[in-house]
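# Structural overview for review
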Protein chains: 4
Amino acid sequence: MGKAHSNAWRNAGAFFDVPAFTQKVLVGRDAAAVAAAAARYGWAESATDWREVIARDDIDIVDICAPGALHAEIAVAALAAGKHVLVEKPLANSLGEANAMVAAAQQARDRGVRSMVGFTYRRVPALALARSLIGGGKLGVIRHVRAAYLQDWLTDDGSPMTWRLRRESAGSGALGDIASHAIDQVQFLLGDSVTEVSGRLHTFVTERPGPHGPEAVTVDDAAWATLSLAGGAVASVEVSRMALGRKNALQIEVFGSKGSLRFDLENPNELYFFDGMDPIKEQGFRRILVTEPEHPYVAAWWPQGHVLGWENSFTHEIRDFLLAVGSGTDPSPSFEDGLAVQRVLAAIEESAAAKSSLIQLAQR
Amino acid sequence: MGKAHSNAWRNAGAFFDVPAFTQKVLVGRDAAAVAAAAARYGWAESATDWREVIARDDIDIVDICAPGALHAEIAVAALAAGKHVLVEKPLANSLGEANAMVAAAQQARDRGVRSMVGFTYRRVPALALARSLIGGGKLGVIRHVRAAYLQDWLTDDGSPMTWRLRRESAGSGALGDIASHAIDQVQFLLGDSVTEVSGRLHTFVTERPGPHGPEAVTVDDAAWATLSLAGGAVASVEVSRMALGRKNALQIEVFGSKGSLRFDLENPNELYFFDGMDPIKEQGFRRILVTEPEHPYVAAWWPQGHVLGWENSFTHEIRDFLLAVGSGTDPSPSFEDGLAVQRVLAAIEESAAAKSSLIQLAQR
Amino acid sequence: MGKAHSNAWRNAGAFFDVPAFTQKVLVGRDAAAVAAAAARYGWAESATDWREVIARDDIDIVDICAPGALHAEIAVAALAAGKHVLVEKPLANSLGEANAMVAAAQQARDRGVRSMVGFTYRRVPALALARSLIGGGKLGVIRHVRAAYLQDWLTDDGSPMTWRLRRESAGSGALGDIASHAIDQVQFLLGDSVTEVSGRLHTFVTERPGPHGPEAVTVDDAAWATLSLAGGAVASVEVSRMALGRKNALQIEVFGSKGSLRFDLENPNELYFFDGMDPIKEQGFRRILVTEPEHPYVAAWWPQGHVLGWENSFTHEIRDFLLAVGSGTDPSPSFEDGLAVQRVLAAIEESAAAKSSLIQLAQR
Amino acid sequence: MGKAHSNAWRNAGAFFDVPAFTQKVLVGRDAAAVAAAAARYGWAESATDWREVIARDDIDIVDICAPGALHAEIAVAALAAGKHVLVEKPLANSLGEANAMVAAAQQARDRGVRSMVGFTYRRVPALALARSLIGGGKLGVIRHVRAAYLQDWLTDDGSPMTWRLRRESAGSGALGDIASHAIDQVQFLLGDSVTEVSGRLHTFVTERPGPHGPEAVTVDDAAWATLSLAGGAVASVEVSRMALGRKNALQIEVFGSKGSLRFDLENPNELYFFDGMDPIKEQGFRRILVTEPEHPYVAAWWPQGHVLGWENSFTHEIRDFLLAVGSGTDPSPSFEDGLAVQRVLAAIEESAAAKSSLIQLAQR
């Protein structure tokens, strides 16, 4: 993540008209390693104590790519110190921490200090276009959504135990790691919020080789949920890290009364759109190659048909964050948006523990 | 369905070496209409009273395409009269009827009288190949399955009320109509049976125009479920008749420890196979065009690359039924297989009524 | 071909309202074999002498599926005897024979005797829809066309010598066999005719095992051409029987000033349409699943989304032929259309022999 | 191009272990504009006189993105001054200039001065993988290749006249602009060279609006060619800037005796591979998502399934160029490779002028 964020900071100014800034300090735990990384990734200095850096007057922005367990502490401190904060998703590892971060963000906002959580896929041009088509009414009333995030890097049951497979260190498995993206997209694309959840978790490979013998896997390999949205739509969510052959397939389908959309992150430059208003004889899912200057973010890059890669959406994220900071407005998604996703994740876990029974979410 | 089955009876002998038979009597309610249909579809006679036809000595086989509410009565009578019976899916409209049919089939079997339920998609060559690859171990241990059946013919909320949208006449909505196919495929492909279910039903358009004003829709427009299989796999099922742009999309994905498969009934001649045993650099989902003589059923038809249509799987069904009858063996899927699907459907309804709580299925 | 045509005759009346007819006589060389085939494929009688059959008063229609070398003799005799004639493509093996057939068809036409050549792919619903979209102006001015027909059944250089690989028996290789379809489609879809040709032929495997040792392959394995059309468009044609992995890929792309189309016979129920009149942000190739009742020929078959197979276009061909005969109009494509294709094939051979130099076609 | 190359220079060191270097001087014609661009794209200085810059001792490398007409003059001077030279494709605007550049490169090479031409698509990981599969024999003997480069930005016949549409300023149209890429790929992928050519050029829109009324378009809108390769393969090439709906579709298909490949630059992270050695029942084109660490260049970037964009292949180009310079070896493609492409382009023009007659290429 540090590599991806550094890349975005290094390049945002070459493509977008953003307020001037300098890549000041990269912070990490190992002094030698972080110094090398700073040199490689374009940072002027490196440091090992984030508190010292936050205390500096010449620092205006803090971009937090540290492990989730540190998010709350750093973000709350940085906001208190008057620094604008961008924090990677998930907002925090627990609902309690997330609530504390939202409270800090709200106080900071009153003082003109900005905060943002990094659900970067909102800045994939095809998904930004999807949001724009839905928001513009091209799909009519949304009935249902299918959201899946399928990966396969845990397929081999002989691959070793890691911290990501222990509940105490990782919080959850596929659920927190990738379902969070799917759930944020559902709420982002529909401009709506989840009110009710039924969930299920499953661990297919319950034991993996550790250094001293087999160890128990204590997080989920896959998760399923259905979500009710306030506006009446129903979304299904399915995530797995054992979907052999699917490498990074965040797949979203949105079905409305007038039109439908389809997206797959393995082909991030394409959006499929079915326009139910076309003449019946000519209806069909269109593959929109989202590389026209008219498409979101695209004009800054290359000529039509010249596709973007995974990292470019981070550049868009930095651009939008900088523009908001520069213009004194609140960037999006907010910490509240990050909290909303975590409430849904928590409700899925709660439902799974209660034999998949529907769980109502408290209103925001 | 009568048209599709007639087509299969009319053509099975031209492509496959099956026992000789004659298309004797087409039975229907309206004498004039059924006489015209008989002439058009190749039946020697027509009739309006199925009891009389079943009583005839020159009738050996009864193929039941009547509405589901009549399946049990006709099938039980026909089996009692010593006729081999093929009945369209779903086996019956209620579990009680389905149990009675299974009992009748078991008794008849002892007397050499055969019975079969028409889950015709088992005979799509690509799905028969899928079963063969899974059965042969090419996928390793199956972890999870994604099964969806998406149609869109109810998208328009102004389309009128019909008997299919009333619980008393249709039993259920998308659930019984199309989820039944998806569930049968899960059990067929994995050679396994469902043990536990969580389900959810939803009606998006709750009222539709009737002749005398709006009427309440009392069946589901869409359904979601997760299924546990005895062998340890988990399957998700999602069906809708409001998935705008999806016309007849029975989509199945099977993820195993060594390989994966993908199928979509809108492209029924293709099976996608990911072989995890290929060298990593060369791995990818292969589009197998299932039109080689080596593929199931295909040698009887056309040269490679010349695709089959939707109706051909019925021809395969008649072929397999005739071969079983001719050789004195039991065709598959049996009435028991049909009952197994209905138990799952009933459990989904039960779970949906109980806030999606997991429901255990009694053992077969 | 006899199997495919018989299938169409056997089923046309079950799906379409066509004039009544009877499947009378199947003619072949081997009495026993043809009798068996007649029984299997639904013909009342069989015979071995086509002249005797043509002389019968109870025969009104002659459908010629014999090898190309016999087309002219049978067709001319049948037309002279006042029989309506349907002849499989290619019209004949030589330009001379084709010219004679056209002359016979013209004379017969004056006496109300109908004739048709079987370029069956004109009746694939997706291609009929393509013609309709082009004819209706949806593509604007057509600039260029890419037509390819790719198969792979000759890939293995160890597969044995056959009559199809000798010039004296087969006339040509991929050129006459499959380029003929591609060329007919170009002229059909554009409603235009070829005026100029540059061509190239190549034999990759020049020797194959015969019963007594290696034999020379004397026809082309692949062919390439560019065609000028009278209306200003340019078409490329590329055909091969060594395109490993392509099984029956008649691929056509048509690019116009307002829209474009794409088709592949391996997915015959799909037509891809790019509408340049859509808003730029929403433009993209649409996959039209050509299975709606509004699409050509489709209403007679199954509900939407239930796809057709390769054989169904022959049923459409028989339907259109019978309707034309019944209504006293000329069916299409005519023998003249068949001749037009052969003139292009001959010009490609002539160009190939002249180092690919452009050859002008005499006007029709 | 300057933007794409600058991006690559700015980022190469962050992802790859390359010799240290500094982004020194950006040269352009307009002092203010080039100063602004230098600041934006990460160059320390800017200048307007390339001769002065070449004369500086602190400059080791010259990367030429100037218009084609200037390539020869700058490259020859830079090589003479002992600078390593990278020049964008096409090598030059005329065969004479290209020959001069090759001569200069050969002399420089003897003094340890390196040169390279920027056919960047050789560094798309999927195409590098394709080359590796072909080179490793996975396709067997290559029979034929289909190469197309389709764009649509000239579709509108009302779009205005530009220097790109005049022969004197642009040299040629689609031929030099995009066929050059297709031809380089054919020679690169097969490791072979073209010996014979038949070509055709066409201008569909012969007049376009200029500031003072209609002006004649004097370059081709589309081009077609067939190429013979020394090793026995035949390649077709088809390019157009009026293929409505195709945005940047460099499409390549390679058919061999054992396997086949397919690629489309609009989905640059995918390579389709048909392995004829798979069991027949399981054969099919595989979509290899070329994002595994085992794939060329990929390990330096992101985790599997996280795709690259169009610009990344330039980063690969800079990396390979720097590694060659650093290790004292010759980078590839060489100026000789660039000349080879231009000889083919010239032969296509010659053939087109001679009614498409086959033209023999002199041996390299």
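Nothing here was measured: the structure is a model prediction, and the numbers come from that model.

## Side note on unusual backbone geometry
Note the cis peptide between A:Lys89 and A:Pro90, where omega equals -5°. One can find A:Pro90 in the loop between strand 4 (84-88) and helix 5 (95-110). In the Ramachandran plot, B:Ser356 falls in the positive-phi region, its phi being about 70° despite a non-glycine side chain. Within the secondary structure, B:Ser356 sits in the loop between helix 10 (335-353) and strand 16 (359-360).

## Description of the relation of the copies chain C and chain D
Placing chain C over chain D gives an RMSD of 0.0 Å and needs a rotation angle of 180°, together with 0.0 Å of translation along the axis. Both copies of the chain, as the preceding transformation shows, are related through a two-fold rotation axis. For chain C, the residue whose C-alpha comes nearest the rotation axis is C:Ser357, separated from it by 2.3 Å. Interface residue correspondence from chain C to chain D reaches 100%, placing this contact among same-surface, isologous pairings.

## Observations concerning the sheet that holds strand 3 (residues 61-64) of chain A
The strands that make up a sheet are held in pairs by hydrogen bonds between backbone atoms, and each pair lies either parallel or antiparallel. Residue and element names in this part refer to chain A. Pairing within the open sheet is parallel, and its 3 strands lie in the order 3-4-5. Two strands bound the open sheet, and with one partner strand each, they are strand 3 and strand 5 (115-118). When the angles between neighbouring strand axes are averaged without regard to direction, this sheet yields 10°. In terms of strand pairing, strand 4 meets strand 5 through 4 bridges, oriented parallel. For glutamate 88, the partnering residue across the bridge sits in strand 5 and is glycine 118. Sitting on the sheet, helix 9 (residues 312-327) touches strand 3, strand 4 and strand 5, and the angle it makes with strand 4 is about 155°.

## Considerations on the UniProt feature "domain: Gfo/Idh/MocA-like oxidoreductase N-terminal" (unreviewed entry) in chain A
With numbering aligned to this structure, UniProt lists the feature "domain: Gfo/Idh/MocA-like oxidoreductase N-terminal" (unreviewed entry) at residues 2-109 of chain A. Counted over residues 2-109 of chain A, helix gives 55% and strand 14%. Its end C-alpha atoms are 26 Å apart.

## Comments concerning the packing of helix 8 (residues 174-190) of chain C against helix 10 (residues 335-353) of chain C
Between two packed helices, the angle of one axis relative to the other and the distance separating the axes together describe the packing. All names here are of chain C. Two numbers describe how helix 8 lies on helix 10: the axes approach to 9 Å, and their chain directions differ by 120°. By the angle between their directions, the pair helix 8 and helix 10 is classed as oblique. Note on packing geometry: the crossing formed by helix 8 with helix 10 is right-handed. Between helix 8 and helix 10, the contacting residues are Leu175, Gly176, Ala179, Ser180, Ile183, Asp184 and Gln187 on the first element and Ala340, Val341, Val344, Leu345, Ile348 and Glu349 on the second. Taken together, the residues of the contact of helix 8 with helix 10 break down into 8 nonpolar, 3 polar and 2 charged.

## Let's talk about the packing of aromatic side chains
The way to describe two aromatic rings as a pair is by their centre distance and the angle between their planes. Using the criterion set out here, one finds 32 aromatic pairs over all chains in the structure. With 6.1 Å between their ring centres and 80° between their planes, C:Phe16 and C:Trp301 make a pair best called edge-to-face. Here C:Phe16, found in the loop between helix 1 (2-15) and strand 1 (25-27), pairs with C:Trp301, found in the loop between strand 15 (285-289) and helix 9 (312-327); they are 285 residues apart in sequence, far enough to count as distant. Like C:Trp301, C:Phe16 is buried. Here the aromatic residues A:Phe15, A:Phe16, A:Trp301, A:Trp302, D:Trp310 and D:Phe314 are joined through ring pairs into a cluster of three or more. Sitting above the plane of the A:Tyr272 ring, A:Arg262 keeps its charged end 4.4 Å from the centroid.

## Here's the deal with the relation of the copies chain C and chain B
Superposing chain C onto chain B takes a rotation of 180° plus a shift of 0.0 Å along the axis, which leaves an RMSD of 0.0 Å. A high fraction, 100%, of the interface residues of chain C reappear at the interface in chain B, so the copies pair face to face through one surface.

## Some words on the interface of chain C and chain B
In this complex, chain C contributes 36 residues to the contact, which on the side of chain B involves 36 residues. Between chain C and chain B, the buried area comes to about 3100 Å², and carbon and sulfur atoms account for 47% of it. When the buried area of chain C at its contact with chain B is split by residue, C:Lys3, C:Arg40 and C:Trp302 rank highest and sum to 19% of it. Seen at the junction of chain C and chain B, the total is 6 salt bridges. Two residues, B:Glu292 and C:Lys247, come together in a salt bridge whose shortest N-O distance is 3.7 Å.

## Section: the sheet that holds strand 5 (residues 115-118) of chain C
Residue and element names in this part refer to chain C. Pairing is parallel across the open sheet formed by 3 strands, whose spatial order is 3-4-5. Edge positions in the sheet fall to strand 3 (61-64) and strand 5, since each has one partner strand and no second. Strand-to-strand twist of the sheet, defined as the mean angle between neighbouring strand axes without regard to direction, takes the value 10°. Each of strand 3, strand 4 (84-88) and strand 5 touches helix 4 (residues 68-80); the most contacted strand, strand 4, lies at about 165° to it. Strands strand 4 and strand 5 of the sheet are contacted by helix 10, whose axis makes an angle of about 40° with strand 5.

## Description of the pattern of salt bridges
Evaluated as defined, the whole model comprises 110 salt bridges over all chains. The residue D:Asp184 makes a salt bridge to D:Arg122 at a minimum N-O spacing of 2.8 Å. One end of the pair, D:Asp184, is in helix 8 (residues 174-190); the other, D:Arg122, is in the loop between strand 5 (115-118) and helix 6 (125-135), with 62 residues separating them in the sequence. Both residues of the pair, D:Asp184 and D:Arg122, belong to the buried class. Between D:Arg287 and D:Glu270 there is a salt bridge whose closest N-O contact spans 2.8 Å. Of the two residues, D:Arg287 is situated in strand 15 (residues 285-289) and D:Glu270 in strand 14 (residues 270-275); the sequence distance between them amounts to 17 residues. When its relative accessible area of 7% is taken as the criterion, D:Glu270 is described as buried. Taken together, the shared-partner salt bridges connect A:Lys138, A:Asp275, A:Asp278, A:Arg286, C:Asp275, C:Asp278, C:Glu282 and C:Arg286 into one network.

## A look at the pairing of strand 11 (residues 234-240) of chain D
Residue and element names in this part refer to chain D. Counting buried positions along strand 11 yields 7 of 7 residues, so the element is predominantly enclosed. Here strand 11 shows two buried faces, one formed by Val234, Ser236, Glu238 and Ser240 and the other by Ala235, Val237 and Val239. Taken together, the 7 bridges between strand 6 (residues 142-150) and strand 11 define a ladder with parallel strand orientation. Bridged to tyrosine 149 within strand 11 is valine 239. Pairing between strand 10 (residues 222-229) and strand 11: 7 bridges, direction antiparallel. When the sheet's bridge partners are listed, alanine 222 is paired in strand 11 with serine 240. A loop of 4 residues connects strand 10 with strand 11, the two strands running antiparallel in sequence, and glycine 232 in this loop sits at a positive phi of about 110°.

## A word on the environment of B:Asp320
Residues and elements named next belong to chain B. Mapped onto the elements, aspartate 320 comes out in helix 9 (residues 312-327). On the accessibility criterion, aspartate 320 (13% relative accessible area) is buried. A C-alpha to C-alpha distance of 8.3 Å links aspartate 320 and serine 332, two positions 12 residues apart in sequence. Sequence-distant contacts of aspartate 320, that is, excluding residues within four places in its chain, are made with Arg123 and Tyr297.

## Quick notes on the domain arrangement of chain A
All names here are of chain A. Structurally, chain A comprises domain 1 (2-120) and domain 2 (125-267 + 269-306 + 335-353). On a C-alpha basis, the centroid separation for the pair domain 1 and domain 2 is 26 Å. Between domain 1 and domain 2, the contact holds 24 residues from the first and 18 residues from the second. Summed over both sides, the interface between domain 1 and domain 2 buries roughly 1700 Å², with carbon and sulfur atoms accounting for 70% of that surface. Among the residues domain 1 hides against domain 2, the three largest losses belong to Phe15, Leu95 and Phe119. Together they make up 34% of the total. In this structure, the connection of domain 1 to domain 2 is made through 1 salt bridge. The salt bridge partner of arginine 109 is glutamate 336, with a shortest N-O separation of 3.0 Å. At the boundary of domain 1 with domain 2, the tally comes to 6 residue pairs in polar contact (both at pLDDT 80 or more). Listing elements by their share of the side of domain 1 that touches domain 2, those giving two or more residues are helix 4 (68-80), strand 4, helix 5 and strand 5. Top contributing element to the side of domain 1 that touches domain 2 by residue count: helix 5, with 8 residues.

About the criteria used
Residues numbered from 1 in each chain as written. Chains lettered and ligands numbered in written order. Predicted model: local features only at pLDDT ≥ 70, side-chain atom pairs only at ≥ 80, totals over all residues. Heavy atoms only, no water. Helix = DSSP H or I, 4+ residues; strand = E, 2+ residues; numbered from the N terminus. Least-squares fit on C-alpha atoms with pLDDT ≥ 70 in both. Contact = heavy atoms within 4.5 Å. Pairing = 2+ DSSP bridges. Axes fitted to C-alpha atoms, helices over the stretch in contact; angles between N-to-C directions. UniProt positions renumbered as here; feature names shortened; annotations may be inferred. Parallel < 35°, antiparallel > 145°, perpendicular 65-115°, else oblique. Left-handed = near helix turned anticlockwise from the far one by under 90°. Nonpolar A, V, L, I, M, F, W, Y, C, P; charged D, E, K, R; others polar. Phe/Tyr/Trp six-rings, centres within 6.5 Å; stacked < 30°, edge-to-face > 60°. Buried < 20%, exposed > 50% of the residue type's maximum accessible area, 1.4 Å probe, protein only. Lys NZ or Arg CZ within 6 Å of the ring centre and 35° of its normal. Buried area = accessible area lost by both parts, 1.4 Å probe. Salt bridge = Lys/Arg side-chain N within 4 Å of Asp/Glu carboxyl O. Domains from an automatic or database assignment. Polar contact = N/O pair within 3.5 Å; in protein donor to acceptor, adjacent residues only side chain to side chain.

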